[in-house]
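Below are the chains, spelled out letter by letter.
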Amino acid sequence: RKVTKSFEIWEPTQCVMAFPAVGSDIRSVAALMHNILVGADGRTFPRPNDFQGAPTRVDAPPTERLREILAERRKICMYDDNMHANYSVVHFKAEEDGTRLITDFYTFLYFEGESQYTSTIHFN
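Structural notes, computed from the coordinates. (Residues numbered from 1 in each chain as written. Predicted model: local features only at pLDDT ≥ 70, side-chain atom pairs only at ≥ 80, totals over all residues. Heavy atoms only, no water.)

## Considerations on the overall build of the protein
The helix and strand inventory of the protein stands at four helices and five strands. Written out in order from the N terminus, the α and β elements of the protein read β-β-α-α-β-α-β-β-α. The buried share of the protein, reckoned over its 124 residues, is 33%. Restricting to contacts in the protein with at least 6 residues of sequence separation, those with at least 24 account for 79%. (Helix = DSSP H or I, 4+ residues; strand = E, 2+ residues; numbered from the N terminus. Buried < 20%, exposed > 50% of the residue type's maximum accessible area, 1.4 Å probe, protein only. Contact = heavy atoms within 4.5 Å.)

Printed below as a string of structure tokens:
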């Protein structure tokens, strides 16, 4: 327990854990999220059915990839510079009883950088 840091309860059905692109910061992902929430491009907020039979390409722009993974979730759980710099292991409690997060990572993790995403899925 001394090498890990536990953060707030992050419920995969309520939020998406977002990793800003290398060389970027949380403001870039926050701006993407804001634009999706307010419908800046004129589209409604994404729903899961919007992507059935029409998945977003891996190399699609960050906004499109975030729209797909959000699909009804309206919150971002941000992995930030503080987490990266200060903790070698980050533990995400999924429920109030302290149980661990059990979900397919690709339904909960959003990587702003395409190369981050493609590198990560190779570990699956």
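## Here's the deal with the sheet that holds strand β2 (residues 15–19)
Strand order in the open sheet made by the three strands is β3-β2-β5, with parallel pairing throughout. A single partner strand is all that each edge strand has here, and the edge strands are β3 (75–78) and β5 (109–111). Sheet twist, expressed as the average angle between the axes of neighbouring strands with direction ignored, equals 40°. Relative to β3, β2 runs parallel, the two sharing four bridges. By the bridge assignment, A18 is partnered in β3 with M78. (Pairing = 2+ DSSP bridges. Axes fitted to C-alpha atoms, helices over the stretch in contact; angles between N-to-C directions.)

## Here we look at the nonpolar core
Ranked by internal contacts, the top residues of the largest apolar core, which has 13 residues, are A18, V29, L66, L70, I76 and Y110. Taken together, the elements giving at least two residues each to this core come down to β2, α1 (26–38), α2 (62–70) and β3. With four residues, the single largest contributor to this core is α1. For Y110, the contacting residues outside a window of four places in its chain are V16, M17, A18, F19, V29, L32, P62, R65, L66 and I69. Counting nine residues, the second-largest nonpolar core is a separate cluster that includes C15, M17, C77 and M83. (Core = buried A, V, L, I, M, F, W, Y, C linked by side-chain atoms within 4.5 Å.)

## Considering the packing of α1 against α2
A pair of packed helices can be characterised by two numbers: the angle between their axes and the separation between those axes. Here α1 crosses α2 at 65°, and the two axes come no closer than 10 Å. In this structure, α1 meets α2 at a crossing whose hand is right-handed. Where α1 abuts α2, its residues L32, M33 and I36 lie against P62, T63, L66, R67 and L70. For the contact of α1 with α2, the class distribution of residues is six nonpolar, one polar and one charged. (Left-handed = near helix turned anticlockwise from the far one by under 90°. Nonpolar A, V, L, I, M, F, W, Y, C, P; charged D, E, K, R; others polar.)

## So, the side chain of R67
Along the chain, the position of R67 falls in helix α2. There is no salt bridge for the buried R67, and the closest opposite charge comes from E64, which lies 4.5 Å off by N-O distance. A distance of 3.1 Å separates a polar atom in the side chain of R67 from the backbone oxygen of T44. (Lys, Arg positive; Asp, Glu negative; His and termini not counted. Salt bridge = Lys/Arg side-chain N within 4 Å of Asp/Glu carboxyl O. Polar contact = N/O pair within 3.5 Å; in protein donor to acceptor, adjacent residues only side chain to side chain.)

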